[in-house]
Amino acid sequence: MTKLKLTYFDFHGGRGETARLALSIGGIPFEDDRLAFVDWPQYKSRTPFGAVPVLQVDGKDLAQSNAINRYVGRLTDLYPADPWQAALCDEAMEAVEDMDSMIMTTLFLPDEEKKKQRQALAEGPIPFYLEALQRRLEANGGRYFADDRLTVADLKVFIWVRSLRSGKLDHVPTDLPERKAPKLVEHLERVNNHPGVKAYYAKFGLPA
Ligand SMILES: N[C@@H](CCC(=O)N[C@@H](CS)C(=O)NCC(=O)O)C(=O)O
């Protein structure tokens, strides 16, 4: 049996969470290696691109979150077999990746500069991507981003929209998704109510 070890920071979100969720939903055993932030400097140089997530597959490293998501999606049947549906799944995941990259650049800024840049994101790119993703969801049937069923794209969008609403992103109003993309909030609830998603968070004592 293939041995899987997924290394990512120890919180319920970010670029590693899609693969954790997918493996759990698919019932595929993996080592959930959660890095403490203090251990990151020593670990960084051991990763292929100086970043996490990293998935070790029988001791071999795979980096880049969406490559990991596609691989894990294929293992768990959460990635479409049809090439067009697979491309739609990729499209949504790459859109979230655009946003993740923009938000990440503000993470370690001094307070005033962070506030300025986060407010600019909250007035421009974040609503733009929320509205665009909502349109893509509607264009693909309104329930899921691809294949008319849950895929890794839905998990990745769900995790991003949940983080926007969480209040953990300083200077980003938590009601942006409701105001700009209510269909994405309905989508979030749909994903949140998936039995596999509920079971995953129940393991951590978190509400679904
Ligand atoms: N394109 C990469 C970006 C990875 C990335 O920037 N990961 C962040 C965490 S979400 C990281 O490792 N940050 C620490 C650092 O860059 O030192 C991916 O999609 O995996």
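Heads up: the structure comes first, above all this text.
Predicted model, so just to flag it, every value in this text is computed and none were measured.

Conventions and cut-offs
Residues numbered from 1 in each chain as written. Predicted model: local features only at pLDDT ≥ 70, side-chain atom pairs only at ≥ 80, totals over all residues. Heavy atoms only, no water. Helix = DSSP H or I, 4+ residues; strand = E, 2+ residues; numbered from the N terminus. Rg over C-alpha atoms; globule rule 2.2 N^0.38 Å. Buried < 20%, exposed > 50% of the residue type's maximum accessible area, 1.4 Å probe, protein only. Contact = heavy atoms within 4.5 Å. Lys, Arg positive; Asp, Glu negative; His and termini not counted. Charge placed at Lys NZ, Arg CZ, Asp CG, Glu CD. Axes fitted to C-alpha atoms, helices over the stretch in contact; angles between N-to-C directions. Parallel < 35°, antiparallel > 145°, perpendicular 65-115°, else oblique. Left-handed = near helix turned anticlockwise from the far one by under 90°. Nonpolar A, V, L, I, M, F, W, Y, C, P; charged D, E, K, R; others polar. Polar contact = N/O pair within 3.5 Å; in protein donor to acceptor, adjacent residues only side chain to side chain.

> Please explain the overall build of the chain as it appears in this structure.
Secondary structure assignment for the chain yields 10 helices and four strands. When the helices and strands of the chain are read in sequence order from the N terminus, they spell out β-α-β-α-β-β-α-α-α-α-α-α-α-α. A compact globule built from 208 residues should have a C-alpha radius of gyration of about 17 Å, and the chain, at 17 Å, falls within 12% of that. Over its C-alpha atoms, taken along the principal directions, the chain stretches across nearly 45 × 40 × 35 Å. Classification of the 208 residues of the chain by burial places 45% in the buried group. When contacts within the chain are restricted to residue pairs at least 6 apart in sequence, those whose partners lie at least 24 apart make up 68%. With 28 positive and 30 negative side-chain charges, the chain shows a separation of 2 Å between the mean positions of the two kinds.

> Explanation requested: the packing of helix α3 (residues 65–76) against helix α4 (residues 83–104) in the structure shown.
Two measures define how a pair of helices packs: the angle their axes make with one another and the distance between the axes. For the pair α3 and α4, interaxial distance at closest approach is 10 Å and the crossing angle is 150 degrees. One element, α3, and the other, α4, form an angle in the roughly antiparallel class. As for how α3 packs across α4, the hand of that crossing is right-handed. Together, Ser65, Asn66, Asn69 and Arg70 of α3 and Asp90, Met93, Glu94 and Glu97 of α4 make up the contact between the two elements. Taken together, the residues of the contact of α3 with α4 break down into one nonpolar, three polar and four charged.

> Looking at this structure, I do not really get the environment of Asp32. What am I missing?
Summarising the element assignment, Asp32 is placed in strand β2 (residues 31–35). On the accessibility criterion, Asp32 (27% relative accessible area) is partly exposed. For the pair Asp32 and Gly141, spaced 109 residues apart in the sequence, the C-alpha separation amounts to 34 Å. When residues no more than four places from it in sequence are discounted, the contact partners of Asp32 are Leu6, Arg20, Tyr200 and Phe204. Of note is the side chain of Asp32, whose polar atom sits 3.3 Å from the side chain of Arg20.

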